[in-house]
Amino acid sequence: MPRVLVIDAHPDDRSLCAALAERYAAGARAGGAEVELLALRDLEVDLNLRRGLHGDQPTEPDLVRARAALVAADHVAVITPVWWGSVPALLKGFLDRALERGWAYRYRDNGMPEGLLAGRSARVVVTTDSPGWWLRGLMGDSAVRQLTRSTLRFCGLRPVRATRIGQVHGSTAEQRAAWLDQVEDLGRADTRRTPRRGKLMPPLPAAEPEPVT
């Protein structure tokens, strides 16, 4: 049974993203997965990386549990809106705190990055009020690129697939119902193509703070 982590990155539990996360999780369970649904809004974590990469910041229990869920997962799904061409501060802060250098990635002696979360696949689902041609053509698909390339793949997850939901503003109840069905089907399909790695991976090494220069 593969293990799937679903990350709900919307601050509002009444949002379409929250409903999509629930339906993706339901589809993954129907596909035979063991599922954990992580709503970032419920975490008691300081989302401000207060000293950047140069200092030691206390790791809260919720952050420890979130990292353990990432380590245990065979597949990770991130459900988020696109705001101002990026992701909400809630998600950005979580990524800053959770994916520390030396834990989720490191740099080799030759300066090239190495992802330490390899062996996992991912799905990014974004909701947007913009038309698809605007999001992908004029805006360069910035939020999707940030999450898929600059974050998840950078940390070693592959493959990372992306799904865009929209135009949400002005959508009908029928359209929203169809999106929910679509995402539930994705959860089921992603689970069925996800092999279980077997035994749980050991904890990743603790992040080492960079010296102040």
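Residues numbered from 1 in each chain as written. Predicted model: local features only at pLDDT ≥ 70, side-chain atom pairs only at ≥ 80, totals over all residues. Heavy atoms only, no water.

### Describing the side chain of R120
Thinking step 1. Within the secondary structure, R120 is located in the loop between β5 (113-115) and β6 (121-128).
Thinking step 2. D74 is the oppositely charged side chain nearest to the buried, salt-bridge-free R120, at an N-O distance of 6.9 Å.
Thinking step 3. One polar contact links the side chain of R120 to the main-chain carbonyl oxygen of V71, over a distance of 2.7 Å. (Helix = DSSP H or I, 4+ residues; strand = E, 2+ residues; numbered from the N terminus. Buried < 20%, exposed > 50% of the residue type's maximum accessible area, 1.4 Å probe, protein only. Lys, Arg positive; Asp, Glu negative; His and termini not counted. Salt bridge = Lys/Arg side-chain N within 4 Å of Asp/Glu carboxyl O. Polar contact = N/O pair within 3.5 Å; in protein donor to acceptor, adjacent residues only side chain to side chain.)

### Overview of helix α1 (residues 16-30)
Thinking step 1. Between its first and last C-alpha, α1 extends 21 Å over 15 residues, near the 21 Å set by a 1.5 Å rise per residue.
Thinking step 2. Turning to α1, its buried residues number three or more, namely L16, C17, A18, L20, A21, Y24, A25, G27 and A28.
Thinking step 3. If you follow the buried residues of α1, they end up packed against β1 (3-8), β2 (34-39), β3 (75-81), β6, β7 (160-166) and α6 (173-192).
Thinking step 4. Of the residues trailing α1, G32 is marked for its positive phi of about 105°. (Expected span 1.5 Å × (residues − 1). Contact = heavy atoms within 4.5 Å.)

### Focus on the packing of aromatic side chains
Thinking step 1. Scanning the model with the defined rule gives three aromatic pairs in all.
Thinking step 2. Plain terms: the ring middles of Y105 and Y107 are 5.9 Å apart, the flat faces sit at 85° to each other, and that makes the pair edge-to-face.
Thinking step 3. For the pair Y107 and F154, a centre-to-centre distance of 6.4 Å together with 65° between the ring planes defines the contact as edge-to-face. With Y107 in strand β4 (residues 105-107) and F154 in the loop between α5 (142-153) and β7, this pair connects stretches of sequence that are 47 residues apart.
Thinking step 4. For F154, a relative accessible area of 28% puts it in the partly exposed group.
Thinking step 5. Grouped by ring-pair contacts, the aromatic residues Y105, Y107 and F154 constitute a single cluster. (Phe/Tyr/Trp six-rings, centres within 6.5 Å; stacked < 30°, edge-to-face > 60°.)

### Some thoughts on the packing of helix α2 (residues 61-72) against helix α3 (residues 89-98)
Thinking step 1. Running from N to C, α2 and α3 cross one another at 80°; their axes reach a closest spacing of 11 Å. Looking at the two axes, α2 sits roughly perpendicular to α3. Every residue of α3 that contacts α2 at L63, A66 and R67 is listed here: F94, R97 and A98.
Thinking step 2. Of the residues assigned to the contact of α2 with α3, the class counts are four nonpolar, no polar and two charged. (Axes fitted to C-alpha atoms, helices over the stretch in contact; angles between N-to-C directions. Parallel < 35°, antiparallel > 145°, perpendicular 65-115°, else oblique. Nonpolar A, V, L, I, M, F, W, Y, C, P; charged D, E, K, R; others polar.)

### Some remarks on empty space enclosed by the protein
Thinking step 1. In this structure the tally under the stated criterion is one cavity of 30 Å³ or more.
Thinking step 2. Of the voids in this model, the largest cavity is the one considered here, and its volume is about 100 Å³.
Thinking step 3. In terms of lining, the largest cavity is formed by I7, L70, V76, V78, L91, F94, L95, L99, L117, L152, C155 and L157.
Thinking step 4. Take the lining of the largest cavity: its biggest share by element is three residues, from α3.
Thinking step 5. The residue inventory of the lining of the largest cavity, partitioned by class, reads twelve nonpolar, no polar and no charged. (1 Å grid on protein atoms, 1.4 Å probe; cavity = no way out; pocket = protein on both sides within 12 Å on 5 of 7 lines; lining within 4 Å. Points joined across faces, edges and corners; volume = space filled by probe spheres on them.)

### Quick look at the nonpolar core
Thinking step 1. Judged by nonpolar contacts, the single largest core of 37 residues is most densely connected at L40 and F94.
Thinking step 2. The set of elements that each furnish at least two residues to this core consists of β1, α2, β3, α3, β6 and α5.
Thinking step 3. If near-sequence neighbours (up to four positions away) are discounted, F94 is found in contact with I7, L38, L40, L43, L47, L63, A66 and L99.
Thinking step 4. With 19 residues, the next largest nonpolar core counts C17, A28, I165 and L186 among its residues. (Core = buried A, V, L, I, M, F, W, Y, C linked by side-chain atoms within 4.5 Å.)

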